[in-house]
Amino acid sequence: MSSLRAVQPRPDLMSEAGLEAVRGDFPTLSRKVRGKPLVYLDNGATSLRPTSVIEAEAHFYRHTNAAVHRGAHALAEEATDAFEKGRSAVARFVSAHSENDVVFTRGATESLNLLSYSLLGATLDARAGGDATVNPRLVLGEGDEIVVTELEHHANLVPWQQLARRTGATLRWLGVTDEGRIDLGTLDRITERTKLVAFTHASNVTGAITEVDRIVEAARAVGAITVLDACQSVPHLPVDLPALGVDAAAFSAHKMLGPTGVGALWARADLLEDLPPFLTGGSMIEIVTMESTTYLPPPARFEAGSQATAQVAAWAAGVEYLEWLGMERSAAHERALTAHLLAGLARIDGIRVLGPTTAEGRVGAVCFVVDGVHPHDASQVLDNEGVAVRVGHHCAQPVHRRLGAQSSVRASIGPYNSRDDVDRLLEVLDGVRPFFGVTSHG
């Protein structure tokens, strides 16, 4: 690691001194909101950034600002080096076999759309008969099926709805249990007709961690491509993407201490080699004539145009910070806080948690409804006390509908959160229903 953190001992997040040292690295935590100390519990939406990440982005603009993979001057060489070091850092963090398996995008949503549009492109190429090299596993049509789950974020649902509509394939889905987990009893919906299975690693609503191996086994048995939404897992758990057995996964920098505007698609080399490009233009071509064009190999094939180079350099700093914390230690710390939060919510009259009510097999994204109080009203009370949470349907309307809620309040844990943060949330929540005059009978 390039910063002083490289020579500093790994902090003990379970100790007050260790956690306070970490919290001191996040300048946003020092501010006040509505005159109250900030309690930031909206990590499922976006994480805060440590000073090292902020400084890394500023350093790039101050000292190394240049376009990557183009110029031959010193600044261009330095910028390209910073960009590719960022790729190496991200690849290392998810245990990619090769840094070339990591494609930079604007975020997880674009990563999933990249896959969807590339599969559409492969299908259209095959139908046009102009490309005999298209791998049949990438081609969809009538009679084929795409399987998702009822637990998905819209970013891992709508692109597949669109792909099904445009190719004539049928969209099917796995159900959700009352506890808020993918219903593995519906795995029989993955059949010989299934060409692709897309599912979340950890739900942004219920927090439930998916038994990835069960779904991968069913998909592999029929030769289907597997796509993982890893947005809520990679920032909070040790994740080895190749070991999970999936073919592709999407995740974003801004949920894992990095900057906004950049994310990644990880995919197995054979899949990337077979996929046609999503965007075309500069930096992804091999030979261009007025009649035709050939493309560079992955990952360059999927990185057309100017890249978010400063953001990638800053993301590397965020990855290094998470590695310094230690993902096993960070996950244990967040799990302890999640258990404390769930136990506290269970003691408050009129609160219903959407999802597992213990910390086992889940991450720290905890959604709940307050009986008799609209989530936005509850959020206003919390915000007035400096407590930042998320309210709404969290871009996951189907699972809310399945669990009998139109919307919810979400408190989500990050590595810098403390037991005091959770206690403050619980203290304010305990007064929400009385504030609105709601009785114990709703």
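Whatever comes next refers back to the structure up there.
Values in this document were obtained by computation on a predicted structure and should not be read as measured data.

Draft legend 1. Local environment of the overall build of the protein chain. Across its full length, the protein chain carries 14 helices and 17 strands. Taking 22 Å as the expected radius of gyration for a compact globule of 442 residues, we find that the protein chain reaches 23 Å, a close match to that expectation. Overall, the protein chain is about 70 × 55 × 30 Å in size when its C-alpha atoms are taken along their principal axes. Counting only residues that meet the buried cut, the protein chain has 56% of its 442 residues in that class. In the protein chain, 70% of the contacts between residues at least 6 apart in sequence involve partners at least 24 apart. For the protein chain, the exposed surface amounts to about 18,500 Å²; the carbon and sulfur share of it is 50%. In the protein chain, 40 positive and 53 negative side-chain charges are present, and the distance between their average locations comes to 4 Å.

Draft legend 2. Examining the pattern of salt bridges more closely. Across all of its chains, the model carries 21 salt bridges by this definition. A salt bridge links Glu-303 to Arg-87, with the nearest nitrogen and oxygen atoms 2.8 Å apart. Of this pair, Glu-303 sits in the loop between β12 (293–295) and α9 (309–325) while Arg-87 sits in helix α3 (residues 74–93); the two residues are 216 residues apart in sequence, bridging distant segments of the chain. Accessibility classification places Glu-303 together with Arg-87 in one group, the buried group. Residues joined by salt bridges that share partners form a network here, namely Lys-36, Glu-385, Arg-424 and Glu-427.

Draft legend 3. Spatial organisation of the environment of Val-234. Mapping Val-234 onto the fold places it in the loop between β8 (225–229) and α7 (241–244). With a relative accessible area of 1%, Val-234 lands in the buried category.

Draft legend 4. Up close: the nonpolar core. The biggest cluster of nonpolar side chains holds 78 residues, and the ones touching the most others in it are Ile-190, Phe-199, Ile-215, Phe-251 and Trp-315. Considering each element in turn, this core owes the most residues, nine residues, to α9. When residues no more than four places from it in sequence are discounted, the contact partners of Phe-251 are Val-90, Val-94, Ala-108, Ala-230, Cys-231, Val-234, Leu-241, Met-256, Gly-263, Ala-264, Trp-266 and Trp-315. Residues Ala-164, Ala-169, Ala-198 and Val-227 belong to the second largest nonpolar core, which totals 33 residues.

Draft legend 5. Main features of unusual backbone geometry. Across the junction of Pro-298 and Pro-299, the peptide omega takes the value 5°, indicating a cis bond. Within the element layout of this structure, Pro-299 appears in the loop between β12 and α9. Phi at Arg-34 is positive, roughly 55°, even though this residue is not glycine. Position of Arg-34 relative to the elements: it lies in the loop between β1 (32–33) and β2 (36–37). Its relative accessible area of 58% is what places Arg-34 among the exposed residues. Of note in this structure, His-394 is not a glycine but carries a positive phi near 55°. Tracing the backbone shows His-394 in the loop between β16 (390–392) and α12 (397–402).

Draft legend 6. Geometry of the state of the cysteines. Going through the model one piece at a time under the given rule, you end up with zero disulfides. The closest cysteine sulfur to the non-disulfide-bonded Cys-231 is located on Cys-395, 11 Å from its own sulfur. Cys-231 gets classed as buried once you look at its relative accessible area, which sits at 12%.

About the criteria used
Counting from 1, residues in each chain are numbered in the order their sequence is written. This being a predicted model, a pLDDT of at least 70 is required before a residue's local features are given, and a value of 80 or more before pairs of side-chain atoms are given or counted; all residues contribute to the totals for chains, interfaces and linings. As a convention, hydrogens and water are excluded, and side-chain values are obtained from all of the structure's heavy atoms. Secondary structure elements follow DSSP: runs of H or I no shorter than four residues count as helices, runs of E no shorter than two count as strands, and numbering proceeds from the N terminus. Here the globule rule reads 2.2 Å times residues to the power 0.38, and the radius of gyration is calculated from C-alpha atoms. Burial classes: relative accessible area under 20% of the type maximum marks a residue as buried, over 50% as exposed, and values in between as partly exposed (1.4 Å probe, protein chains only). Here, residues are in contact when the closest pair of their heavy atoms is within 4.5 Å. Using a 1.4 Å probe, the Shrake-Rupley method yields the accessible areas, and only the shown protein chains count as cover for residues. Charge counting treats Lys and Arg as positive and Asp and Glu as negative, with His and both chain ends excluded. Lys charges are placed at NZ, Arg charges at CZ, Asp charges at CG and Glu charges at CD. Within this document, salt bridges are pairs made up of a side-chain nitrogen of Lys or Arg and a carboxyl oxygen of Asp or Glu, the two lying within 4 Å of each other. Put simply, a nonpolar core is a bunch of buried Ala, Val, Leu, Ile, Met, Phe, Trp, Tyr and Cys residues held in one set by side-chain atoms that sit within 4.5 Å of each other. Disulfides are defined as pairs of cysteine sulfur atoms found within 2.5 Å of each other.

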